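# Observations on chain architecture
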Amino acid sequence: MDLIEILETLNGAHGPSGDEGGVREKIAELARPLADEIVTDTLGNLIVRKKGTGPRVMFAAHMDSIGFIITHIEKEGFLRVGRLGGVAPREAAYTAVRFKNGVRGVFVPEEKADLAKLKLDECFIDIGARDEAEARSLVQVGDTCVYDLPVRVQGSRVTGPYLDNRLSCAVLLCALERIQKPACDLYLVFTVQEEVGLRGARAAAWRAEPDMGVAVDVTDVDDTPGSEKYGTARLGRGAAIKVMDSSVICHPEIVARLEELARVEDIPVQRDIMRGGGTDAGAIHTTRLGVQTGGISIPCRYIHTPAETADLTDAEACVRLAAALAERMNP
């Protein structure tokens, strides 16, 4: 599989939190020839199993994205919206959006709004409707929309609206293709509703009952001008092995195992610590009686904006590290 082709496919699918069906179908289509078993659970998590002997290992990459949901349709035809996940109105201003049915629009601040202190109730979506009746013929209250921007590649750098977390989904699909004989009973779970509270991973971990969990996600960086040291990772320095964030302190044995695998396989890695934020690891590690849990992260700039940016060499290092862990449980 080609990482960029997968990313472009997933980027074009509809999948904000709670409405992940479109992206789930694309992932299932790509994974089906490589899997022994694929199921969708009650919440909508896609669970891809590759059978093997040894402990149960669960990799989790959330397939949902941030987005908007229509709350009101005004008489002039403009839409008022609520947020799905961590949308910052100032960062979304004047960005094109699309709905699941193909209707397109733009997210716009009111003229009187102070952009420095922009609030969501000071913004609207313009879909070009002349009045409320025309708007209601196109969309309904409760419909969801996402950023409508392409994936762009320049050199080894990739920019797009939903690298968080479609890039990690692509990483797991590429790893699945490379894993010939897993040294574990392998579960690759593409989770729902991570952006609104790690909800899907919690249910999926109860179903899979893993002995080890690994969350695959993007992570904040410390390599841009004016950095406030929110994260520790830097683009181009390899896969980021998570040590902690606000949702989890990773099990030291998992951190050590990933670092030793990286040394043996000559995979470039760095350590990932975030002062805030979280991943599906936060839900996995407290499931049942507890799960040894770690994380493999892709350094990413401008997270939760329409222009998230990552390095493809880091993503490739994450593919190699995930595959190595599945095939060589003991370095």
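Residues numbered from 1 in each chain as written. Predicted model: local features only at pLDDT ≥ 70, side-chain atom pairs only at ≥ 80, totals over all residues. Heavy atoms only, no water.

### Examining the layout of surface pockets
The cut-off we apply is this: Detection works on a 1 Å grid of protein atoms alone, calling trapped sets that fit a 1.4 Å probe cavities and calling open sets with protein on both sides within 12 Å along at least five of seven lines pockets, with lining residues defined by an atom within 4 Å of a point. Grid points are joined across faces, edges and corners, and a volume is the space filled by probe spheres set on the points. Every helix listed is a DSSP run of H or I at least four residues long, and every strand listed is a run of E at least two residues long, numbered separately from the N terminus. In this count, Pro and Cys sit with the nonpolar residues alongside Ala, Val, Leu, Ile, Met, Phe, Trp and Tyr, while Asp, Glu, Lys and Arg are called charged and the others, Gly among them, polar.
In this structure, the largest pocket encloses a volume near 370 Å³. Lining the largest pocket are 20 residues, and of these Asp164, Met274, Gly277, Ile303 and His304 sit closest to its centre. Among the elements that take part in the lining of the largest pocket, strand 13 (residues 212-219) stands out by supplying 3 residues, more than any other. Tallied by class, the residues present in the lining of the largest pocket amount to 5 nonpolar, 9 polar and 6 charged. Taken as a whole, the second largest pocket encloses approximately 200 Å³ of empty space.

### So, the packing of helix 2 (residues 21-31) against helix 5 (residues 163-178)
Inclusion rule: Angular values range over 0 to 180 degrees, each being the angle between N-to-C directions of two axes fitted as lines to C-alpha atoms, with helices fitted over their stretch in contact. For this classification, under 35 degrees means roughly parallel, over 145 means roughly antiparallel, 65 to 115 means roughly perpendicular, and everything else is oblique. For any helix crossing, the convention is left-handed if the near helix is rotated counterclockwise from the far helix by under a right angle, and right-handed if that rotation is clockwise. Throughout, a residue-residue contact means that at least one pair of heavy atoms, one from each residue, lies within 4.5 Å.
Close contact between helix 2 and helix 5 brings their axes to 10 Å; oriented N to C, the two are set at 15°. The angle between helix 2 and helix 5 falls in the class roughly parallel. Note that helix 2 runs across helix 5; the crossing there is right-handed. Every residue of helix 5 that contacts helix 2 at Val23, Ile27, Leu30 and Ala31 is listed here: Arg166, Cys169, Leu173 and Leu176.

### Some thoughts on unusual backbone geometry
Between aspartate 164 and the following residue, asparagine 165, the backbone shows a cis peptide bond with an omega angle of 15°. Relative to the assigned elements, asparagine 165 resides in helix 5. Here the phi dihedral of tyrosine 94 falls at roughly 65°; this positive angle occurs in a residue that is not glycine. Assignment of secondary structure puts tyrosine 94 in the loop between helix 3 (89-92) and strand 6 (95-99).

### With respect to the nonpolar core
The condition that has to hold: We define the nonpolar core as a collection of buried residues of types Ala, Val, Leu, Ile, Met, Phe, Trp, Tyr and Cys that are connected through side-chain atoms lying within 4.5 Å of one another. Three exposure classes are used, based on accessible area relative to the maximum for each residue type with a 1.4 Å probe and protein chains only: buried under 20%, partly exposed in between, and exposed over 50%.
By size, the foremost hydrophobic cluster in this structure holds 67 residues, and its most contacted members are Ile27, Phe59, Phe190, Ile296 and Leu321. Examining the composition of this core, we find that 11 residues originate from one element, helix 9 (residues 312-327), more than from any other. With 25 residues, the next largest nonpolar core counts Leu79, Val87, Phe99 and Leu120 among its residues.

### A look at helix 1 (residues 3-11)
Note the cut-off: Each direction from the helix axis to a C-beta atom contributes to the arc, which is the arc of those directions. By the criterion applied in these results, polar contacts are pairs of N or O atoms within 3.5 Å in which, for protein atoms, one can donate a hydrogen and the other can accept it, and in which residues neighboring in sequence qualify only through two side-chain atoms.
Inspection of helix 1 places Leu3, Ile4, Ile6, Leu7, Leu10 and Asn11 among the buried residues, and these make up the whole buried set. Looking straight down helix 1, one finds its buried side chains confined to an arc of 160°; they lie on one side. For helix 1, the secondary structure elements touched by its buried residues are helix 2, strand 6, strand 10 (152-154), strand 11 (157-160), helix 5 and helix 9. If you check the start of helix 1, you find a side-chain oxygen 3.2 Å away from the backbone N of isoleucine 4, and it comes from aspartate 2.

### With respect to the pattern of salt bridges
Quick note on the threshold: For this document, the term salt bridge refers to a Lys or Arg side-chain nitrogen within 4 Å of an Asp or Glu carboxyl oxygen.
Across all of its chains, the model carries 19 salt bridges by this definition. Between arginine 157 and aspartate 311 there is a salt bridge whose closest N-O contact spans 2.6 Å. In this pair, arginine 157 is assigned in strand 11 and aspartate 311 in strand 17 (residues 308-311), connecting sequence segments 154 residues apart. With its nearest N and O atoms 2.8 Å apart, the salt bridge here joins lysine 242 to aspartate 272. Highlighted residues: lysine 242 in strand 14 (residues 239-244) and aspartate 272 in strand 15 (residues 269-273), separated in sequence by 30 residues. Overall, the relative accessible area of 1% leaves lysine 242 in the buried class. Its relative accessible area of 0% is what places aspartate 272 among the buried residues. Within the structure, one salt-bridge network assembled from shared partners comprises Glu74, Arg80, Glu110 and Lys112.

### Things to note about helix 2
Residues Val23, Ile27, Ala28 and Ala31 constitute the buried set of helix 2. Summarising the axial view, the buried residues of helix 2 lie within an arc of 135°, below the 170-degree limit, and thus occupy one face. In helix 2, the exposed positions that point more than 90 degrees away from the buried face belong to Glu25 and Glu29. Taken together, the buried residues of helix 2 touch helix 1, strand 1 (37-40), strand 2 (46-50), helix 5 and strand 12 (185-191).

### Quick look at the environment of leucine 3
Following the sequence through the fold, leucine 3 ends up in helix 1. Once the C-alpha coordinates of leucine 3 and glutamate 316 are considered, the two residues, 313 residues apart in sequence, prove to be 8.4 Å apart. The residues touching leucine 3, leaving out its near neighbours within four places in the chain, are Leu167, Ala170, Val171, Cys174, Leu312 and Ala315.

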